[in-house]
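Take a look at the letters that make up each chain.
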Amino acid sequence: MGRIAEAGVRFPPGPSLIMSTKETGKLGEIIAEKYLREKGYRILDRNYVYRIQGGPPKGEIDIVAQKDKTISFVEVKTLRLAPLAQGKPFYPEQHVDLAKQQKTIKAAQFWLMKNKIPLDTKWQIDVVAVEIDSKNGQSEIRHLKNAIFC
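Residues numbered from 1 in each chain as written. Predicted model: local features only at pLDDT ≥ 70, side-chain atom pairs only at ≥ 80, totals over all residues. Heavy atoms only, no water.

Two measures describe an aromatic ring pair: the distance that separates the ring centres and the angle between the ring planes. Counted under the stated rule, the structure contains 3 aromatic pairs. When the ring of Tyr50 is compared with that of Phe110, the centres are 4.2 Å apart and the planes differ by 25 degrees; the resulting orientation is stacked. Placement of the pair is Tyr50 in strand β2 (residues 42–51) and Phe110 in helix α2 (residues 98–114), with a sequence separation of 60 residues. Residue classification places Tyr50 among the buried residues on the basis of a relative accessible area of 7%. Looking at Phe110, the relative accessible area reads 30%, which means it is partly exposed. Their ring planes at 90 degrees and their centres at 5.7 Å tell us that Phe73 and Trp123 sit as a pair that is edge-to-face. You can see Phe73 sitting in strand β4 (residues 70–81) and its partner Trp123 sitting in strand β5 (residues 122–133), a full 50 residues away along the chain. (Phe/Tyr/Trp six-rings, centres within 6.5 Å; stacked < 30°, edge-to-face > 60°. Helix = DSSP H or I, 4+ residues; strand = E, 2+ residues; numbered from the N terminus. Buried < 20%, exposed > 50% of the residue type's maximum accessible area, 1.4 Å probe, protein only.)

Below, the structure written as structure tokens:
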């Protein structure tokens, strides 16, 4: 499991970073996609939702990417840090609990079947954690490769 921490995309601080949880998540996905592209990944799909015909969503993949011959199903977790925060209450990647892991595995398997990917293709599930500092607009990214074992 790899862990990469580095400065990411910068955004202007202040009111522009006052946003809903959903907006924060979408911003995190944009940052994660940019990061993956810079690391040589090719984006194959975004926001893939697995559902049984007409039923409710059973799982979602934020980003499907490929580097070399490995397909990575990427779960993005984003945390916006408040200007007055004293330390971090948790890390965003801690929100990938067992239920989320199981849903992600199932969604990845259905994506592979839907796209007729050969069974011997190498694939993994990664987590990209994005922390956005509301005070200075800087983001930090951690890429945990093969974070969920199938």
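A separate point is α2. Helix length check: α2, at 17 residues, gives a terminal C-alpha distance of 24 Å against a target of 24 Å (1.5 Å per residue), a fit within 8%. Within α2, the full set of buried residues consists of Thr104, Ile105, Ala107, Ala108, Trp111 and Leu112. Against the buried residues of α2 lie β2, β3 (57–67), β4, β5 and β6 (138–148). Of the residues trailing α2, Lys116 is marked for its positive phi of about 50 degrees. (Expected span 1.5 Å × (residues − 1). Contact = heavy atoms within 4.5 Å.)

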